[in-house]
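A closer look at the structure
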Amino acid sequence: MADNKTTTEFARDRSNEFYKTILRKDEAFRGEAYQLPGETEWTIGYGHYGADVEEGDTITKKEAEDLLDQDVRERITSVNEMIEDFDSLPENLRGSLFSEHYRGSIAQSPKTRKLINEGRFLEAADEFLDNDQYRNAVEEGIPGIRPRMERLAEALRKHAKK
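Fair warning: this is a prediction, and the values are worked out from it, not measured in the lab. (Residues numbered from 1 in each chain as written. Predicted model: local features only at pLDDT ≥ 70, side-chain atom pairs only at ≥ 80, totals over all residues. Heavy atoms only, no water.)

The helix and strand tally for the chain stands at 7 helices and 3 strands. The C-alpha atoms of the chain give 16 Å as radius of gyration, which agrees with the globular expectation for 162 residues (15 Å, within 12%). Principal-axis analysis of the C-alpha atoms places the extent of the chain at approximately 50 × 45 × 20 Å. Residues classed as buried in the chain amount to 40% of the 162 residues present. (Helix = DSSP H or I, 4+ residues; strand = E, 2+ residues; numbered from the N terminus. Rg over C-alpha atoms; globule rule 2.2 N^0.38 Å. Buried < 20%, exposed > 50% of the residue type's maximum accessible area, 1.4 Å probe, protein only.)

Turning to the sheet that holds strand β1 (residues 30-34), a few remarks are in order. Strands sit in the order β1-β2-β3 across an open sheet of 3 strands; the sheet is antiparallel. The open sheet has two edge strands, β1 and β3 (48-50), and neither has a second partner. The mean angle between the axes of side-by-side strands here comes to 15°, regardless of whether they run parallel or antiparallel. Across 3 bridges, the pairing between strand β2 (residues 42-45) and β3 is antiparallel. Bridge pairing links I44 to H48 in β3. (Pairing = 2+ DSSP bridges. Axes fitted to C-alpha atoms, helices over the stretch in contact; angles between N-to-C directions.)

Now for unusual backbone geometry. Comment: phi is negative for the bulk of residues other than glycine, and the bulk of peptide bonds are trans. A positive phi is found at A28, a non-glycine position, where the angle reads about 60°. Its place among the elements puts A28 in the loop between α1 (7-27) and β1.

One finds I83, F86, L93, L97, F98 and L156 to be the most contacted residues of the largest nonpolar core, which totals 38 residues. For this core, the secondary structure elements donating two or more residues are α1, β2, α2 (61-82), α3 (91-103), α4 (110-117), α5 (121-129) and α7 (145-160). Once residues lying within four places of it in the same chain are set aside, the contact partners of F86 are Y19, V79, N80, R94, L97 and F98. (Core = buried A, V, L, I, M, F, W, Y, C linked by side-chain atoms within 4.5 Å. Contact = heavy atoms within 4.5 Å.)

So, about the pattern of salt bridges. Per the counting criterion, the structure on display carries 19 salt bridges. The shortest N-O distance in the salt bridge between R73 and D69 comes to 3.0 Å. Taken as a pair, R73 and D69 lie in helix α2 at a separation of 4 residues, close to a single helical turn. Each of E17, K20, R24, E65, D69 and R73 takes part in a single network of salt bridges with overlapping partners. (Salt bridge = Lys/Arg side-chain N within 4 Å of Asp/Glu carboxyl O.)

Residue position: S96 is located in helix α3. Once you skip the residues sitting within four places of it in the chain, S96 turns out to touch R151, L152 and A155.

All right, on to α5 then. When α5 is considered as a whole, its buried residues turn out to be F121, A124, A125, F128 and L129. Considered in projection along α5, the buried side chains sweep an arc of 120° and stay on one side of the axis. As for α5, its buried residues are in contact with α3, α4, α6 (132-135) and α7. (Arc of directions from axis to C-beta.)

Right, let's talk about the side chain of R148 for a bit. Position of R148 relative to the elements: it lies in helix α7. Reaching out from R148, the side chain makes a polar contact with the side chain of S99 at a distance of 2.8 Å. When residues no more than four places from it in sequence are discounted, the contact partners of R148 are L23, D26, E27, S99, E100, Y102 and R103. (Polar contact = N/O pair within 3.5 Å; in protein donor to acceptor, adjacent residues only side chain to side chain.)

This brings us to the pairing of β2. Strand direction decides the pairing type here: β1 and β2, joined by 2 bridges, are antiparallel. From the neighbouring strand, Y34 faces β2, where its bridge partner is T43. Two successive antiparallel strands, β2 and β3, enclose a turn made up of 2 residues, where G47 displays a positive phi of approximately 80°.

Spatial relationships are all this shows, so hold off on functional conclusions.
Okay, here's the thing in structure tokens:
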């Protein structure tokens, strides 16, 4: 293996890159801190959100990549704790689930998680979209979340048909 990595480390790094590629597309780089409507914290880089980001902060792409790597590593652990058998799900479903988990919506959707863990993917798709943030995204100034949420619902429906 390159750089003396074990097979497990190499596979983990490849997996992390898969999720980072999705997030770079979904989040897009923003070098200045911004605050979404209704949020208390600020966001920067590739969707890095939290108390460590303050109004007026700026970040380079290199710094954003470092934060993205850290965020992905943390969230891989947490999504695996929430979604049983996450790693065995099809790639398109894992990618969509991870993207929504990164956004925070999987942690905030206990019914959806329960349905996924029970293998009730069609019901999970409907439940996931049955929320105020999805319905009111345009009015709340965050219309970009709708296609992202719909992508997960479609991936859940597709998986249910198998």
